[in-house]
Amino acid sequence: MQLVVGRIGRAHGIKGQVTVEVRTDEPELRLAPGAVLLTEPASAGPLTVADGRVHSGRLLLHFKGVDDRNGAEALRGTMLIAEIDPEERPEDPDEYYDHQLIGLAVVLADGTPVGELTEIAHLPSQELLTVKRPDGSEVLVPFVTEIVPEIDMERRRIVLTPPPGLINTDEAEVATARDDAEASE
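Residues numbered from 1 in each chain as written. Predicted model: local features only at pLDDT ≥ 70, side-chain atom pairs only at ≥ 80, totals over all residues. Heavy atoms only, no water.

Chemist: What's the story with the sheet that holds strand S3 (residues 36-40) in this structure? I'm lost.
Modeler: Each strand in a sheet pairs with its neighbour through backbone hydrogen bonds, running either in the same direction (parallel) or in the opposite one (antiparallel). Spatially, the six strands close up into a barrel ordered S1-S2-S5-S4-S3-S6, and their pairing is antiparallel. Strand-to-strand twist across the sheet, computed as the mean angle between neighbouring axes with direction ignored, equals 50 degrees. Bridge count for strand S4 (residues 47-55) against strand S5 (residues 58-63) is six bridges, and the pairing is antiparallel. Paired with Val54 across the bridge in S5 is Leu59. (Pairing = 2+ DSSP bridges. Helix = DSSP H or I, 4+ residues; strand = E, 2+ residues; numbered from the N terminus. Axes fitted to C-alpha atoms, helices over the stretch in contact; angles between N-to-C directions.)

Below, the structure written as structure tokens:
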């Protein structure tokens, strides 16, 4: 099983170091010296981590064979991919790898089907679940505890408690209408 663990940013200095946008909760394991990483595009790798350090809050890595700024710049935008055992789980019992959740049924707390999880978008501010509804439409659901209180791996489902209008737009409260109703009380 392949897991995206980072994305190479710009070169740092003149000796081949690059900044890395970390996409794993286990960088000390996945991006440690000696780790061999596949790449997307595949032509850029595989890459072996020679060493790394944190500088001003950013992870800097140096890969074997990349010893100058030009080589580092050529890697910019490359995705770093670790090969993992499909049965492996993160250490925290409340964490999951994307591939473990994709395909799970998504239901409301009362059991009403919503659809199937097809993708997890990792945005800078939060993750969003992409749920494909039975009619083929998609809905984006913020992956936060208040809205996604339960992931039931035994029953292969994700339980939602969405605010009005998130799943069914007919239930949405328009702020101006709500404010007008409160003002007339």
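The rest of the description comes next.
Chemist: Mind showing me how you'd approach the sheet that holds strand S11 (residues 150-152) here?
Modeler: The sheet built from six strands is open, its strands ordered S10-S9-S8-S7-S12-S11 with mixed pairing. Lying at the two open borders of the sheet, with one neighbouring strand each, are strand S10 (138-142) and S11. Between one strand axis and the next, the sheet turns by 35 degrees as a mean value, whatever way the strands run. Of the strand pairs in this sheet, strand S8 (residues 113-122) and strand S9 (residues 127-132) are connected by six bridges, and their pairing is antiparallel.

Chemist: Please clarify how the pairing of S8 should be interpreted in this entry.
Modeler: Where a strand is regular, its side chains alternate between the two sheet faces. Direction of pairing for strand S7 (residues 105-108) relative to S8: antiparallel, over a ladder of three bridges. Residue Ala105 lies in a different strand from S8, and its bridge partner there is Glu116. Linking two consecutive strands that pair antiparallel, namely S7 and S8, is a turn of four residues; a positive phi of about 95 degrees is found at Gly111 within it. Counting the residues between successive antiparallel strands, the hairpin from S8 to S9 contains four residues.

Chemist: Help me out: how do you make sense of the pairing of S10 in this one?
Modeler: The sheet contact formed by S9 and S10 spans five bridges and is antiparallel. Within S10, the residue paired with Thr130 across the bridge is Leu140. Connecting the antiparallel pair S9 and S10 is a turn made up of five residues, with Gly136 showing a positive phi of about 95 degrees.

Chemist: Explain the nonpolar core to me, please; I cannot follow it from the model alone.
Modeler: Taken as a class, soluble globular proteins show a tendency for nonpolar side chains to be buried jointly. Counting residues in hydrophobic clusters, the biggest one holds 21 residues, and the most contacted among them are Leu31, Leu37, Leu61, Phe63 and Leu80. If near-sequence neighbours (up to four positions away) are discounted, Leu80 is found in contact with Leu3, Val4, Val5, Gly6, Ile8, Val20, Leu31, Leu37, Leu38, Thr39, Leu47 and Phe63. Counting residues in each nonpolar core, the second largest holds 16 residues, with Val139, Val141, Ile147 and Leu160 among its members. (Core = buried A, V, L, I, M, F, W, Y, C linked by side-chain atoms within 4.5 Å. Buried < 20%, exposed > 50% of the residue type's maximum accessible area, 1.4 Å probe, protein only. Contact = heavy atoms within 4.5 Å.)

Chemist: Just to check I follow, could you spell out the pattern of salt bridges for this structure?
Modeler: Two side chains with opposite charge may pair up if their charged atoms get near one another. Counted by the stated rule, this structure contains three salt bridges. In this structure, Arg23 and Glu21 form a salt bridge, with 2.8 Å as the shortest nitrogen-oxygen distance. In this structure Glu21 comes out as partly exposed when scored by relative accessible area, which is 36%. A salt bridge links Arg76 to Glu73; the nearest nitrogen and oxygen atoms lie 3.8 Å apart. Three or more residues are tied together by salt bridges with common partners; here these are Arg7, Glu21 and Arg23. (Salt bridge = Lys/Arg side-chain N within 4 Å of Asp/Glu carboxyl O.)

Chemist: Whenever I open this one, unusual backbone geometry confuses me. Can you help?
Modeler: Comment: phi is negative for the bulk of residues other than glycine, and the bulk of peptide bonds are trans. Across the junction of Glu40 and Pro41, the peptide omega takes the value 10 degrees, indicating a cis bond. One can find Pro41 in the loop between S3 and S4. A cis amide bond links Gly45 with the next residue in sequence, Pro46, at an omega value of 0 degrees. Structurally, Pro46 is set in the loop between S3 and S4. Here Ser56, not a glycine, exhibits a phi torsion of approximately 55 degrees, which is positive. Mapping Ser56 onto the fold places it in the loop between S4 and S5. In this model, Arg156 sits at a positive phi of 55 degrees, which is unusual for a non-glycine residue. With respect to the element layout, Arg156 can be found in the loop between S11 and strand S12 (157-160). The exposure class of Arg156 is partly exposed, given its relative accessible area of 43%.

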